[in-house]
Amino acid sequence: MAQVYRGGQPYPAAHPGRWTPHEVRTREFAARRRGVDPDEVREFQARVADELAMLNETVRLLSQENDRIKRALRDWQTLHARECRPLHDHPHNSGHW
């Protein structure tokens, strides 16, 4: 799958529009006659950027944990496969199942 890099982090091609906390924090808006309070906008941007950074860190940690669990499962499966008797060593099942 193709990779798109934003903010130094790789993202799958299906999500090229993801925003980084820095992009949220530094985004500027055009002034309008009946606009909003710029201080409130900056405060909101800071809150969104902080939450986005926290969520990105959570995803990173969960991805690491997922990789660790997958490796542990593969290791267990390899060990288990070595310890199991070959199929021809098992007596035939005479039951219904």
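To start, this report covers the structure provided alongside it. (Residues numbered from 1 in each chain as written. Predicted model: local features only at pLDDT ≥ 70, side-chain atom pairs only at ≥ 80, totals over all residues. Heavy atoms only, no water.)

Take the overall build of the protein next. Looking only at helices and strands, the protein has two helices and two strands in total. Starting at the N terminus, the α and β elements of the protein follow one another as β-β-α-α. By the burial criterion, 6% of the 97 residues in the protein qualify as buried. For the protein, the exposed surface amounts to about 9,200 Å²; the carbon and sulfur share of it is 56%. (Helix = DSSP H or I, 4+ residues; strand = E, 2+ residues; numbered from the N terminus. Buried < 20%, exposed > 50% of the residue type's maximum accessible area, 1.4 Å probe, protein only. Areas by Shrake-Rupley, 256 points an atom, 1.4 Å probe, with all protein chains shown as cover.)

What follows is about the pattern of salt bridges. Inspection of the entire model under this criterion finds four salt bridges. A salt bridge links Arg68 to Glu65; its shortest N-O distance comes to 2.8 Å. Of this pair, Arg68 and Glu65 both sit in helix H2 (residues 38-83), separated by three residues, roughly a single helical turn. Among the residues examined, Arg68 registers a relative accessible area of 42% and is labelled partly exposed. (Salt bridge = Lys/Arg side-chain N within 4 Å of Asp/Glu carboxyl O.)

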